[in-house]
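The primary structure of each chain is shown beneath.
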Amino acid sequence: LSRTLAFQHLMTCLEVRIQCRFDGSISLTSMTLTDSKGRLVASGTFDCTAEDLDDALSGAEGNMIKIEPKKGLSRTPTSFYIIMPPVKDLDLASKEMKLSFVFNGISAETEFYLPATMDGVSQTIDAFQRGYKYIYELTLDNTMDFHPVGVEQQWTTEIISLPI
């Protein structure tokens, strides 16, 4: 006797790859994603028995998610992740979401609004979808260069048969 279990990823992922153009002693103290419409869920619960995936996640919506890696940076890109429930009905062209950074305990002077388009993707991003990863790069020099890299659907549905 065997049963089939279908695993589906419930979250979306924002990856920010940060690198320094030159060697130094820069550390990422924190990275904050802010939503002007307050649709971000920084913590909550998940019901694995829910039939509808939209009903499986619950948590208080707010306007920010902050991570504090306190990790040194170098010329080699280092990836930092925000994993969160999907956000629907985005209008990124209206500057709804932005990323801000604190380096060595000092807030960066520049904040970056998430763009509505990504490199290599012709469609406008109108939602952060379940199971997708949205990738951005930040290069630190005398200025900070921020740009979207692309979208990957790495987290796919996988069916596993388990003998019972």
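The text that follows walks through the structure, step by step, so that each part is easy to find. Since the model is a prediction, treat every value here as computed from it, not as a measurement. (Residues numbered from 1 in each chain as written. Predicted model: local features only at pLDDT ≥ 70, side-chain atom pairs only at ≥ 80, totals over all residues. Heavy atoms only, no water.)

### With respect to the sheet that holds strand E14 (residues 133–140)
On the basis of which strands lie adjacent, the open sheet formed by 4 strands has the order E10-E2-E14-E15 and mixed pairing. The open sheet has two free edges, formed respectively by strand E10 (78–84) and strand E15 (144–152), since each of these has just one partner strand. Each strand of the sheet is rotated relative to its neighbour by a mean of 20°, with strand direction disregarded. Sheet analysis places strand E2 (residues 12–20) next to E10, joined by 7 bridges and oriented antiparallel. In the strand pairing of E10, Leu 14 is matched with Ile 82. (Pairing = 2+ DSSP bridges. Helix = DSSP H or I, 4+ residues; strand = E, 2+ residues; numbered from the N terminus. Axes fitted to C-alpha atoms, helices over the stretch in contact; angles between N-to-C directions.)

### Some details on the nonpolar core
Within the largest apolar cluster, 31 residues are counted, with the highest numbers of intra-cluster contacts made by Phe 101, Leu 114 and Phe 128. Listed by contribution, the elements that provide at least two residues to this core are E2, strand E3 (27–35), E10, strand E11 (97–103) and E14. Among all residues touching Phe 128, those that are not within four sequence positions of it are Thr 12, Leu 14, Met 84, Pro 86, Val 87, Leu 90, Leu 92, Met 97, Leu 114, Tyr 134 and Tyr 136. (Core = buried A, V, L, I, M, F, W, Y, C linked by side-chain atoms within 4.5 Å. Buried < 20%, exposed > 50% of the residue type's maximum accessible area, 1.4 Å probe, protein only. Contact = heavy atoms within 4.5 Å.)

### Some details on the side chain of Arg 39
Summarising the element assignment, Arg 39 is placed in the loop between E3 and strand E4 (40–41). On the accessibility criterion, Arg 39 (15% relative accessible area) is buried. Setting aside residues no more than four positions away along its own chain, Arg 39 makes contact with Glu 61, Gly 62, Val 87, Lys 88, Asp 89, Leu 90, Glu 96 and Met 97.

### Some thoughts on the pairing of E2
The buried fraction of E2 is high, at 7 of 9 residues. In the sheet, E2 pairs with E14 via 8 bridges, with the strands oriented parallel. Note that in E14 the partner of Cys 13 across the bridge is Lys 133.

### Quick look at unusual backbone geometry
Notably, Asp 89 is not glycine yet its phi reads approximately 55°, a positive angle. With respect to the secondary-structure elements, Asp 89 resides in the loop between E10 and E11.

### Some remarks on the packing of aromatic side chains
Counted under the stated rule, the structure contains 6 aromatic pairs. Consider the rings of Tyr 132 and Tyr 134, whose centres lie 6.4 Å apart with planes at 25°: the pair is stacked. The exposure class of Tyr 134 is buried, given its relative accessible area of 2%. Of the aromatic side chains, those joined through ring pairs into one cluster are Phe 101, Phe 103, Phe 112, Tyr 136 and Phe 146. Here the guanidinium or amino end of Lys 95 rests over the ring plane of Tyr 113, the centre of that ring lying 5.3 Å away. (Phe/Tyr/Trp six-rings, centres within 6.5 Å; stacked < 30°, edge-to-face > 60°. Lys NZ or Arg CZ within 6 Å of the ring centre and 35° of its normal.)

### Considering the pattern of salt bridges
Note that side chains of opposite charge can pair when their charged atoms are close. In total, this model carries 10 salt bridges according to the counting rule given. One salt bridge connects Glu 96 with Arg 39, and the closest N-O pair in it is separated by 2.9 Å. Remark: Arg 39 occurs in the loop between E3 and E4 and Glu 96 occurs in the loop between E10 and E11; sequence separation between them is 57 residues. Glu 152 is the salt-bridge partner of Lys 133, the closest N and O atoms lying 3.7 Å from each other. With Lys 133 in strand E14 and Glu 152 in strand E15, the pair connects residues that are 19 residues apart, well separated along the chain. One salt-bridge network, held together by shared partners, links Glu 15, Arg 17, Lys 133, Glu 137 and Glu 152. (Salt bridge = Lys/Arg side-chain N within 4 Å of Asp/Glu carboxyl O.)

### Thoughts on the environment of Met 144
With respect to the secondary-structure elements, Met 144 resides in strand E15. Put simply, Met 144 and Glu 109 are 35 residues apart on the chain and 9.6 Å apart in space, counted from C-alpha to C-alpha. Other than its neighbours up to four places away in sequence, Met 144 contacts Phe 103, Ala 108, Thr 110, Phe 112, Leu 138 and Thr 139.

From the geometry alone we can't say anything about function, so treat these as descriptive.
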